[in-house]
Amino acid sequence: MADASARPRGPLVLDWFLPLTGDSRTDVSMGSATIHAVNQHLTVLRKPDVPYLAQVAQASENLGFEAVLVPTGTWNEETWTLATALSQHTRTLDYLIAFRPGLVSPTLQAQMAAAFQSVSGGRLRVNVVVGGEDAEQRRYGDHLTHDDRYARASEFLHVVRRLWTGEEVTFRGEHYDVVGGQMPPLDAVPEIYLGGSSAAAIEVAAEHADVYLTWGEPPAQASEKIGRVRDAAAARGRTLRYGVRHHVIARRTSDEAWRIADELVAGLDPQLIATRRAAFAASGSEGQRRQHALTNGGTTRGDLELHPGLWAGVGLVRGGAGTALVGSFEEVADLIEEYHDHGFDEFVLSGYPHLEEAYWFAEGVRPELERRGLV
C-alpha cells in the first residue's frame, strides 16, 4: 500500500451541508437524521424550507465553499426538488445531490441529472447512497439485501455513465434490462461520490467513483480504509480522490469550542441515547456500526475525544456522520491538515446551526488554511 505522506498534496476542497431534516442551535437530536425518529419534523427549531435553506446555500457560496451536500433519507425533504429550487438562489455553488440507486430506473436518473445540469448551469455532483439500513430501504419498497444493493448499484452506474456520454445503451444484467437507452451527451458530466466501509462498497467505489467519501474516523484509521480503496482502484487502473465528512465546532479558543460541544449533548435524554445506541449497534451498515463504536460506550469528553480535537458526541444520537472537529481555529486547521497528510483532499463539513457555523468556520479556520497554502 502506498504511503499517503509520500504523495504530493493538492489544494483542499471545502464543502458545506444543507440540513434537509431541519436545524437546531442547542440539541443534536433535533433536526438530525436518525434510524428511529418518527417525529423528526415536529422537533426541529428551524424548518427545512426554501427560505431557510436558501440562506444556508447563499452563505456557503459567499463564504467560498465549493459545494453543499444535499442529503437523502426517509426523514429528509425530497432531495432533487429542493436542490433544483435552491440552485436558482445561487450562481456558482455546486450541489452534491445524494440519491439511492434502484429507486428509479437508471435512464430516468440520467435524465434527471441532465435536467439539473441544464437548470443549474452545470453545477451537479452526485453522491450515490446505496443504503445500509434494510428497514429504511423497505420504506421505499426496496427489499434487496446489503450486498445485492451494491451489485445493483454497480449495474446502475454502468448504465448511467454510458448514457451521460450520449452512447446508445443496451444492457442486460441481474437487476436491469435496458434496450436502446439514449439521451443527448452532457456538456458537464457530474462527478460521482460514493462511500461505504464494507468489502462490497469498496469494490463498487473502486470501479465507479470519482471521489470516495467516508465518515470521519481518527486520521490513521480513516487512512487505512482509503488505502484499501486506493489499492482496489489501482488494480483497475483507476485513481480516485478522497473526501471525509465531519461536523465542526471552531471558535477563537479551545475552551470556548469545547463548551459548545458539551452544551450540545448536555440535555440529551439518557434513554434516547440508549435507544439510539442499540439501533446503531444493530445497524446493517458497516459504516454506521463503525461510527457507533467510536463513542466507546460513554458520554464524557474523555470517552468521546477519540484523537486530539476529534469528538464523537454527535454520534450518540445522530445517524450517519458522528464525529466533529472541535477546537480553536488553529487547532481545527491542524486537524484538517493532518487528514490532508493522510490523503484526504475534500472535506464535507456541517455544524449546528448550519447557517452560523458556516460563518464561524469560513471566517476563522479558512484564513488559517489559506495562510498555510492549503486552500
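Note that the structure is a prediction, hence the values are computed from the model and not measured.

Enquirer: Whenever I open this one, the pattern of salt bridges confuses me. Can you help?
Expert: Side-chain pairing between opposite charges can occur once the charged atoms of the two side chains come close. A complete count under the given rule lists 24 salt bridges for this structure. The shortest N-O distance in the salt bridge between arginine 172 and aspartate 177 comes to 3.0 Å. A relative accessible area of 47% places aspartate 177 in the partly exposed class. The partner of arginine 241 in a salt bridge is glutamate 191, with the nearest N and O atoms 2.9 Å apart. Residue arginine 241 is found in strand E9 (residues 241–251), and its partner glutamate 191 is found in the loop between strand E6 (177–181) and strand E7 (192–194); the two are separated by 50 residues along the sequence. Overall, glutamate 191 belongs to the partly exposed group, its relative accessible area being 28%. One salt-bridge network, in which partners are shared between bridges, spans Asp15, Glu66, Asp94, Arg125, Glu191, Arg241 and Glu346.

Enquirer: Sorry, what's going on with the environment of alanine 54 here?
Expert: Looking at where alanine 54 falls in the secondary structure, it is placed in helix H2 (residues 50–62). According to the relative accessible area criterion, alanine 54 is buried, its value standing at 5%. As for alanine 54 and leucine 18, which are separated by 36 residues in sequence, their C-alpha atoms are 9.2 Å apart. What alanine 54 contacts, discounting residues up to four positions off in sequence, is Leu86 and His89.

Enquirer: What should I look at first to understand the confidence of the model for the protein in this one?
Expert: The predicted coordinates ought not to be read in detail in places where the model reports low pLDDT. Residues at a pLDDT of 70 or more form 83% of the protein, whose mean pLDDT is 88. Between residues 1–6, whose pLDDT stays under 50, and residues either more than four places distant or in other chains, the model counts 11 contacts. Between residues 31–42, whose pLDDT stays under 50, and residues either more than four places distant or in other chains, the model counts 35 contacts.

Enquirer: Which parts of the structure should I look at to understand H2?
Expert: Think of an α-helix as 3.6 residues a turn; residues three or four steps apart then line up on the same face. When the terminal C-alpha atoms of H2 are compared, their 18 Å separation across 13 residues agrees well with the 18 Å that a helix rising 1.5 Å per residue should span. The elements touched by buried residues of H2 are strand E1 (13–17), strand E2 (67–70), helix H3 (79–87), strand E3 (94–99) and helix H14 (354–371). For H2, the N-terminal capping position is held by aspartate 49, with its side-chain oxygen 3.1 Å away from the main-chain nitrogen of tyrosine 52.

Enquirer: Even after reading the chapter, I still don't get the nonpolar core, so can you show me in this structure?
Expert: Within soluble globular proteins, side chains that are nonpolar generally end up buried alongside one another. Of all hydrophobic cores here, the largest spans 82 residues; its most connected members are Tyr95 and Phe361. In terms of residues, this core owes the most to one element, helix H6 (residues 146–164), which gives eight residues. Setting aside chain neighbours within four positions, we find tyrosine 95 in contact with Leu18, Ala57, Val68, Val70, Ala83, Leu86, Ser87, Thr90, Phe116, Arg123, Leu124 and Arg125. If you look at the next biggest cluster of nonpolar residues, it comprises 16 residues, including Ala261, Leu264, Val265 and Trp311.

Enquirer: Honestly, the packing of aromatic side chains in this entry has me stumped. Any pointers?
Expert: Given two aromatic rings, their pairing is described by the distance between the two centres and the angle made by the two planes. In this structure the tally under the stated criterion is 11 aromatic pairs. Consider the rings of tryptophan 80 and phenylalanine 116, whose centres lie 6.3 Å apart with planes at 80 degrees: the pair is edge-to-face. On the criterion of sequence distance, the pair formed by tryptophan 80 in helix H3 and phenylalanine 116 in helix H4 (residues 106–120) is long-range, its members being 36 residues apart. In terms of burial, tryptophan 80 and phenylalanine 116 fall into one category: buried.

Enquirer: Got a minute to help me understand the pairing of E3 in this structure?
Expert: Looking down a regular strand, the side chains alternate between one sheet face and the other. Among the six residues that make up E3, six are buried, leaving the element largely enclosed by the rest of the structure. Burial along E3 is two-sided: Asp94, Leu96 and Ala98 facing one way and Tyr95, Ile97 and Phe99 facing the other are all buried. Where E2 and E3 come together, four bridges link them in parallel fashion. Looking at the pairing, alanine 67 lines up with aspartate 94 of E3. Where the polypeptide runs from E2 across H3 and back to E3, its parallel neighbour, the crossover connection is right-handed. Direction of pairing for E3 relative to strand E4 (residues 124–128): parallel, over a ladder of five bridges. Counterpart to tyrosine 95 in the pairing with E4 is leucine 124. In this region the chain leaves E3, passes through H4 and returns to the parallel neighbour E4; the handedness of that crossover is right-handed.

How each quantity is defined
The numbers attached to residues start from 1 for each chain and follow its sequence in the written order. Thresholds applied to this predicted model are a pLDDT of at least 70 for local features of residues and 80 or more for the giving and counting of side-chain atom pairs; totals over whole chains, interfaces and linings are not thresholded and use all residues. Excluding hydrogens and water, the side-chain figures rest on all heavy atoms present in the structure. The salt bridge definition used is simple: a Lys or Arg side-chain nitrogen within 4 Å of an Asp or Glu carboxyl oxygen. Relative accessibility decides the category of a residue: with a 1.4 Å probe and only protein chains considered, values under 20% of the type maximum give buried, values over 50% give exposed, and everything between is partly exposed. Each helix corresponds to a stretch of at least 4 residues labelled H or I by DSSP, and each strand to a stretch of at least 2 residues labelled E; elements are numbered beginning at the N terminus. Residue contacts are defined here by distance: any two heavy atoms, one from each residue, within 4.5 Å place the two residues in contact. Confidence of the predictor at the level of single residues is captured by pLDDT, which takes values from 0 to 100. Every helix has an expected span of 1.5 Å times one less than the residues it contains. Think of a polar contact as two N or O atoms within 3.5 Å of one another; within protein, one of them needs to be a possible hydrogen donor and the other a possible acceptor, and neighboring residues in sequence only count if both atoms come from side chains. In these notes, a set of buried Ala, Val, Leu, Ile, Met, Phe, Trp, Tyr and Cys residues joined through side-chain atoms within 4.5 Å is what counts as a nonpolar core. In summary, the pairing rule links any two rings of Phe, Tyr or Trp, Trp by its six-membered ring, whose centres are within 6.5 Å, and it sorts them by plane angle into stacked for under 30 degrees, edge-to-face for over 60 and tilted for everything else. By this definition, two strands are paired if DSSP reports at least two bridges between them. When the strands point away from the viewer and the path from the first strand over the helix to the second turns clockwise, the crossover is right-handed.

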